[in-house]
Amino acid sequence: MRLNRNSRAPRRAAVALAAVGALAAGATAGAGPAAAAPQAGPVPAAGCSAAYRIEQKLSSGTTWRMCWRYESKAGLVLENVSYQPPGEPRPIKVLARAGLAQIHVPYDDGNIEYDDLTSYAFGEGLMDLAPGECPGGTIKTVRIPGAGEPERPDVKGLCTTTRARGHAYRMQGDSASKVYQAQGKDLLVYTANQVGWYEYITEWRFQDDGTITTSVGATGSLSPFDYDAGDGRGWPIGKGAKGYATSHSHNVFWRFDFGLDGSTRGRIEQYDYKVSPPARGQEAPTNKTTRTRITKELAGDARNMRWWRVVSAAGKNKDGHPRSYELVPGPSATYPGRSFTRHDVYFTQYAACERYASNNLGNCGAGHGKSVDKWVDGQTLTHPVVWANVGFHHVARDEDQQPMPVHWQGLSLVPRDVTAMNPLTPADLRDHNGQPREGG
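Residues numbered from 1 in each chain as written. Predicted model: local features only at pLDDT ≥ 70, side-chain atom pairs only at ≥ 80, totals over all residues. Heavy atoms only, no water.

Identification of the protein chain as Amine oxidase from Streptomyces leeuwenhoekii is taken from an unreviewed UniProt entry. In the Sequence similarities (unreviewed entry) part of its UniProt record, the protein chain is described as follows: "Belongs to the copper/topaquinone oxidase family." (UniProt positions renumbered as here; feature names shortened; annotations may be inferred.)

Okay, structure coming up:
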């Protein structure tokens, strides 16, 4: 049940319904450097006003730049994300736009399911962050568009900070005369949004080696209304065999509109591997690689050793290799109950109205379909959009009370041939491009 101690969720739901009518009438809901309605065609201009700009040079010399905006449904949206590691003369454009596309929450007893972004105005639940929640960083003030609580339209709710992540690399040559090691540093950008009894931390982590990791962490409280000791679909919380908290799923979707090297006309490639037993006279099994170029819209499923990458149509690294980013999903529990949650990734042709993976509010016209699975209809991919689905089946435990520890789900976008070498390579190893030298 979407109620919480402040009884805010029902009011947000009413505002969400009102917003649907406003969108149908041509109104927009957004805040930030550009108009709320997505722009078709090329990557938006890189500039945004200082209030909506994030630029961070990390101690390793890598600089990340981006613009942020805030929407009443999707919450935090990042645009014009670029990455400039040491040795690169100019920023490398990576993403035109990226953000959450849905948090779908079905309960195991079949009595209820939620679309937290589009039915419960996820963005309007932005919470104020205390200084201790953004250690060493800056908390930006966010204007919530179309806020259901007009007394709090501005929230100190966006943290940008840096954080050490441990070893970036370590290498000791055969001679043991020198150890090369570096400690990695990340830029973190995050918000906390309350929906019912849950609070979601939406985190973006930008590493100094070019990796982007996005995660949603669920915390807050288990809903006190979702307990049933008799249906066998929960876990006992409290003394004895009482108070069974109903199990449920969190299916989180992200939408990525890539803009590698300033162009949205990238291509999608899928890689699969087949391992065969050793042939006569061979010492080990063989492993054959198959590369498939995805030219039409696709609903894809993760399999052992399968992966995808988005390849730049406009730029190459200093070795002459096309730049790309690889999709690396985190652990996921695929939920088979709805057609739009049965696949791990979707590649669709760009359409401005296709904004949310389910219960889509964009005005796409009659018969277009309201979920991402309906948009995979054979179009040629000239401007591919990537939708990633990462699921978590939440079977509550005693330790989930009170408050609930954060459980995370997400994925990474990992650079593949974006630079010709490790972007953090020390100066005296920069001529070691290609086959490693003996004695290291």
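The structure having been displayed, the exposition proceeds.
> Please explain the overall build of the protein chain as it appears in this structure.
Looking only at helices and strands, one finds one helix and 21 strands in the protein chain. Across the 440 residues of the protein chain, 49% fall into the buried class. Considering only contacts within the protein chain whose residues lie at least 6 apart along the sequence, 64% involve residues at least 24 apart. Total accessible area on the protein chain is roughly 19,900 Å²; 50% of this is exposed by carbon and sulfur atoms. (Helix = DSSP H or I, 4+ residues; strand = E, 2+ residues; numbered from the N terminus. Buried < 20%, exposed > 50% of the residue type's maximum accessible area, 1.4 Å probe, protein only. Contact = heavy atoms within 4.5 Å. Areas by Shrake-Rupley, 256 points an atom, 1.4 Å probe, with all protein chains shown as cover.)

> Can you help me understand empty space enclosed by the protein in this one?
The gaps of empty space that remain are located by a probe, the size of a water molecule, rolled over the atoms. Considering all chains together, one arrives at six cavities of 30 Å³ or more under this definition. By volume, the largest cavity is sized at about 90 Å³. Looking at the largest cavity, the residues that line it are E71, A74, V77, R97, A98, G99, L100, A101, R255, R355 and Y356. In terms of residue count, strand β4 (residues 92–106) provides more of the lining of the largest cavity than any other element does, five residues in total. Looking at the lining of the largest cavity residue by residue, the class counts come to six nonpolar, one polar and four charged. (1 Å grid on protein atoms, 1.4 Å probe; cavity = no way out; pocket = protein on both sides within 12 Å on 5 of 7 lines; lining within 4 Å. Points joined across faces, edges and corners; volume = space filled by probe spheres on them. Nonpolar A, V, L, I, M, F, W, Y, C, P; charged D, E, K, R; others polar.)

> Looking at this structure, how should I read the state of the cysteines?
Every disulfide links exactly two cysteines, by a covalent bond between their sulfur atoms. Going through the model one piece at a time under the given rule, you end up with three disulfides. Here C134 pairs with C159 through a disulfide, and the sulfurs are 2.0 Å apart. One quick way to see it: the torsion about the S-S bond of C134 and C159 is about 80°, and its sign makes the bridge right-handed. Within this pair, whereas C134 is found in the loop between β5 (113–115) and β6 (138–143), its partner C159 is found in strand β7 (residues 154–172), the two being separated by 25 residues in sequence. (Disulfide = S-S within 2.5 Å.)

> Can you help me understand the pattern of salt bridges in this one?
When their charged atoms lie close together, side chains carrying opposite charge are able to pair. Scanning the entire structure with this criterion turns up 22 salt bridges. A salt bridge links R165 to D208, with the shortest nitrogen-to-oxygen separation between them at 2.9 Å. Remark: D208 occurs in the loop between β9 (198–207) and β10 (212–220) and R165 occurs in strand β7; sequence separation between them is 43 residues. Residue D208 is classed as buried on the basis of its relative accessible area, which comes to 0%. Of the charged contacts, one joins R205 and E203 as a salt bridge, the two residues approaching to 3.4 Å between their closest N and O atoms. For R205, a relative accessible area of 17% corresponds to the buried category. (Salt bridge = Lys/Arg side-chain N within 4 Å of Asp/Glu carboxyl O.)

> Would you mind showing me how to read the environment of G137 here?
Looking at where G137 falls in the secondary structure, it is placed in the loop between β5 and β6. On the basis of relative accessible area, G137 is assigned to the partly exposed category, the value being 35%. For the pair G137 and T162, spaced 25 residues apart in the sequence, the C-alpha separation amounts to 6.9 Å. Ignoring anything within four residues of it in the chain, the contact list for G137 reads T160 and T161.

> Help me out: how do you make sense of the environment of K318 in this one?
By the secondary structure assignment, K318 is in the loop between β17 (307–316) and β18 (322–329). In this structure, the C-alpha to C-alpha distance between K318 and A420, residues 102 residues apart in sequence, is 5.5 Å. Here K318 is in contact with G87, E88 and A420, once residues within four sequence places are set aside. Polar side-chain contacts of K318 include one of 2.9 Å to the backbone oxygen of G87. (Polar contact = N/O pair within 3.5 Å; in protein donor to acceptor, adjacent residues only side chain to side chain.)

> Is there a simple way to think about the sheet that holds β9 in this case?
Strand pairing in a sheet takes place through backbone hydrogen bonds and is either antiparallel or parallel in direction. The antiparallel open sheet is built from ten strands, whose spatial order is β6-β7-β8-β9-β10-β21-β18-β17-β14-β15. The open sheet has two edge strands, β6 and β15 (286–294), and neither has a second partner. Ignoring strand direction, the axes of neighbouring strands in this sheet form an average angle of 25°. In the sheet, β17 pairs with β18 via five bridges, with the strands oriented antiparallel. Its bridge partner lying in β18, V310 is registered against Y325. (Pairing = 2+ DSSP bridges. Axes fitted to C-alpha atoms, helices over the stretch in contact; angles between N-to-C directions.)

> It is not clear to me how the nonpolar core should be interpreted in this structure. Could you clarify?
W64, W204, F206 and F256 are the most contacted members of the largest nonpolar core, which totals 66 residues. In terms of residues, this core owes the most to one element, β4, which gives seven residues. Not counting chain neighbours up to four residues away, the residues in contact with W204 comprise L76, L78, A98, G99, L187, L188, V189, I212, T213, T214, W254 and F256. Counting residues in hydrophobic clusters, the runner-up holds ten residues, among them F253, Y350, A357 and V372. (Core = buried A, V, L, I, M, F, W, Y, C linked by side-chain atoms within 4.5 Å.)

> Help me out: how do you make sense of unusual backbone geometry in this one?
Peptide bonds are, in most cases, trans, and in most cases residues other than glycine have a negative phi. Between Q401 and Q402 the backbone carries a cis peptide bond, its omega angle lying at -15°. One can find Q402 in the loop between β20 (384–394) and β21 (404–416). With an omega of 15°, the peptide bond between Q402 and P403 qualifies as cis. Positionally, P403 belongs in the loop between β20 and β21. A positive phi is found at M305, a non-glycine position, where the angle reads about 70°. The residue M305 is located in the loop between β16 (298–300) and β17 in this model. Take M305: its relative accessible area is 36%, and that puts it in the partly exposed class.

> For this particular structure, what's the right way to read the confidence of the model for the protein chain?
Detailed conclusions should not be drawn from predicted coordinates in areas where pLDDT is low. Predicted confidence across the protein chain gives a mean pLDDT of 88, with 86% of residues reaching 70 or more. Counting contacts from residues 5–45, a segment whose pLDDT is below 50, to residues more than four positions away or on other chains yields 86 contacts. (pLDDT = per-residue confidence, 0-100.)

> How should the packing of aromatic side chains be read in this particular structure?
For any pair of aromatic rings, the description consists of the separation of the ring centres together with the inter-plane angle of the planes. Counted under the stated rule, the structure contains 13 aromatic pairs. Each ring, one from Y271 and one from W307, has its centre 4.2 Å from the other, and the planes form 5°; the classification is stacked. In this pair, Y271 is assigned in strand β14 (residues 267–276) and W307 in strand β17, connecting sequence segments 36 residues apart. Taken individually, Y271 and W307 each receive the classification buried, so the pair is uniform in this respect. (Phe/Tyr/Trp six-rings, centres within 6.5 Å; stacked < 30°, edge-to-face > 60°.)

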